[in-house]
Structures are given as C-alpha cells and as structure tokens.
Amino acid sequence: SANPFGYVSPTTPAHVARQLGGAIAYILDGGACRVGLESTVVGLEAGVVTVHRLGGIPLESVELVVGPVALRPHSTSHPAAPGQIESHYAPRVPVVLNTLLPLAELLAKYPPHQVGVLPYRTPVPAPQGAVWGWEAVLCPGGNLALGAQRLFGLLRAAEQAQVRVLWVEQVPELGLGRAINDRLRRAAAR
C-alpha cells in the first residue's frame with residue numbers, strides 16, 4: 001500500500017509523493033486510478049463466499065457470479081483483509097456524516113467559512129451572505145462510479161483547504177454506493 005496505515009488512500013502519483021516523499025526511491029506513474037476505491041476482497045469461510053471488504057467491484061456483481069454472499073466488512077482484532085477496522089481512510093480534518101449531524105446543527109458549532117461540504121449529487125448553498133470554507137460535489141448527477149473515483153482525492157482536497165470540519169452526505173446504499181458509504185463511515189469514525 002502506498003499510504004500510511006489508516007490514512008486516505010492515494011489515487012494519483014502526486015498523492016503518493018506527498019505522503020511518502022523521500023521514503024521511496026521512485027514512483028512509477030500510471031496516472032490516476034480509474035476506479036478510485038480499493039479492491040473488493042472476497043474469501044471463503046466454512047464453504048460460504050464472504051465479502052470482507054467492499055470495493056471497486058459492487059456486491060451485486062460478485063453475487064451475479066457466485067450467488068448470495070455473506071458480508072463481513074468489519075473486524076476489530078484480527079482483520080481478514082485491509083481496511084476492516086472501524087476508523088480507517090480518514091483525512092486529518094474531522095468528517096461528519098449527514099446521517100449523524102444535519103448541516104444546520106453543525107453550523108450552530110462552526111461558522112460556514114470553517115466548514116467543508118461534500119454533498120452527494122448537487123451543491124448545497126451556504127447560508128445567506130456566507131461562503132463555505134471548501135465545497136465540492138461527490139457524485140455529480142448521481143454518478144456513483146464517478147463518486148468512487150473522486151472520493152479520496154476530494155477528502156484530500158478538503159484536508160488541504162484547512163477547514164475545521166468536513167460535512168459529507170452519504171450516497172444511496174446500492175452498487176458502488178455501499179463501498180463509498182463504507183469508506184465515509186470509517187473516515188468519520190474517531
């Protein structure tokens with residue numbers, strides 16, 4: 001893996017260079033990741049096909065090939081695959097999910113210029129006369145594949161904007177949305 005344990009995964013050679021810098025001799029530049037999310041990790045437990053980590057291959061695609069599968073993406077002590085602990089893929093800026101704290105309540109704690117916003121499919125207007133500290137749309141037009149590709153780069157961009165908190169809207173729990181939400185929940189876990 002080309003990133004420190006628990007931190008946001010790199011999706012471009014520039015991300016690797018910023019994180020590992022002089023710790024590695026060279027970086028082979030293959031361009032930006034096409035999928036963006038890490039691989040889906042599938043195993044066999046007592047004869048049952050089990051998905052240990054949701055990733056770039058949606059659960060539905062795995063089931064088309066092998067039939068129903070068990071889903072065990074969480075582990076606390078002995079993970080069967082990377083990325084299974086509760087807090088993982090986390091930027092240095094605190095992440096707050098819309099399902100845990102509505103944006104209006106977050107604005108009672110922070111002024112808009114200290115808040116980054118990452119909504120699912122359409123921009124969220126800042127309060128009258130205010131400007132967000134950072135903003136982007138995760139899945140323009142609801143395109144989950146594009147959201148998966150953009151996720152880690154956007155988390156890094158929000159961190160570099162030096163906002164005090166990043167409010168993120170979860171996406172629908174289907175297809176790649178499951179893996180995106182998995183990464184968002186882990187980024188928000190503290």
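Residues numbered from 1 in each chain as written. Predicted model: local features only at pLDDT ≥ 70, side-chain atom pairs only at ≥ 80, totals over all residues. Heavy atoms only, no water.

Novice: Which residues make up unusual backbone geometry, and what are the values?
Specialist: Both trends apply: most residues other than glycine have a negative phi, and most peptide bonds are in trans. Despite not being glycine, alanine 46 shows a phi value in the positive range, around 50 degrees. A residue is classified by how much of its surface remains accessible, and alanine 46, at 88% relative accessible area, is exposed. Although it is not a glycine, glutamine 162 sits at a positive phi angle of roughly 60 degrees. On the secondary structure map, glutamine 162 appears in the loop between helix H4 (144-160) and strand S7 (165-168). (Buried < 20%, exposed > 50% of the residue type's maximum accessible area, 1.4 Å probe, protein only. Helix = DSSP H or I, 4+ residues; strand = E, 2+ residues; numbered from the N terminus.)

Novice: Please give an account of helix H5 (residues 176-188) that cites residues and values.
Specialist: For H5, spanning 13 residues, the distance from its first C-alpha to its last is 19 Å, which sits close to the expected 18 Å at 1.5 Å a residue. When you tally the buried positions in H5, you get 11 out of 13 residues, the bulk of the element. Among all positions in H5, only Leu176, Gly177, Ala179, Ile180, Asn181, Asp182, Arg183, Leu184, Arg186, Ala187 and Ala188 are buried. Among the structural elements, strand S2 (48-53), strand S4 (95-97), H4 and S7 are those in contact with the buried residues of H5. (Expected span 1.5 Å × (residues − 1). Contact = heavy atoms within 4.5 Å.)

Novice: Account for the side chain of glutamate 38, with residues named and values stated.
Specialist: With respect to the element layout, glutamate 38 can be found in the loop between helix H1 (13-20) and strand S1 (41-45). What makes glutamate 38 buried here is its relative accessible area of 14%. Of note is the side chain of glutamate 38, whose polar atom sits 2.9 Å from the side chain of arginine 183. (Polar contact = N/O pair within 3.5 Å; in protein donor to acceptor, adjacent residues only side chain to side chain.)

Novice: Give a detailed account of the environment of alanine 188, specifying residues and quantitative values.
Specialist: Structurally, alanine 188 can be placed in helix H5. Along the primary structure alanine 188 and valine 168 are separated by 20 residues, whereas in three dimensions their C-alpha atoms are 9.2 Å apart. If we skip the residues at most four places from it in the chain, alanine 188 touches Val95 and Leu97.

Novice: I'd like to hear about the environment of proline 94, residue by residue, with values.
Specialist: Take proline 94: it is sitting in the loop between strand S3 (70-71) and S4. Overall, proline 94 belongs to the partly exposed group, its relative accessible area being 35%. The sequence separation of proline 94 and arginine 190 amounts to 96 residues, and the corresponding C-alpha distance is 8.2 Å. Those residues in contact with proline 94 that lie beyond four places of it in its chain are Arg164, Val165, Leu166 and Arg190.

Novice: Any details on the pattern of salt bridges? Residues and values, ideally.
Specialist: Per the stated rule, a full pass over the model turns up seven salt bridges. Put simply, arginine 183 and aspartate 182 hold a salt bridge, and the shortest N to O gap is 3.1 Å. For aspartate 182, a relative accessible area of 2% translates into the label buried. In this structure, the salt-bridge partner of aspartate 182 is arginine 186, at a minimum N-O distance of 3.0 Å. Of this pair, aspartate 182 and arginine 186 are both found in helix H5, four residues apart, which corresponds to roughly one turn of the helix. (Salt bridge = Lys/Arg side-chain N within 4 Å of Asp/Glu carboxyl O.)

Novice: Tell me what's going on with H4, and back it up with residues and numbers.
Specialist: For H4, which comprises 17 residues, the first-to-last C-alpha distance of 24 Å matches the rise-based estimate of 24 Å (1.5 Å per residue) to within 8%. At arginine 150, H4 shows its largest kink, close to 45 degrees. By the burial criterion, the buried members of H4 are Leu144, Gly147, Ala148, Leu151, Phe152, Leu154, Leu155, Arg156, Ala158 and Glu159. The distance from a side-chain oxygen at the start of H4 to the backbone nitrogen of alanine 145 is 3.1 Å, and the residue carrying that oxygen is asparagine 143. Just downstream of H4, glutamine 162 is the residue with a positive phi angle, here 60 degrees. (Bend = angle between axes of the 7 residues up to and from the residue.)

Novice: Can you tell me about the pairing of strand S5 (residues 115-118), naming the residues and giving the values?
Specialist: Looking along a regular strand, one sees side chains alternate from face to face of the sheet. Side chains Val115 and Val117 project from S5 onto one buried face, and the interleaved Gly116 and Leu118 project onto a second face that is buried too. The pairing of S5 with strand S6 (residues 134-135) spans two bridges and is parallel. Bridging across to S6, glycine 116 finds its partner in tryptophan 134. (Pairing = 2+ DSSP bridges.)

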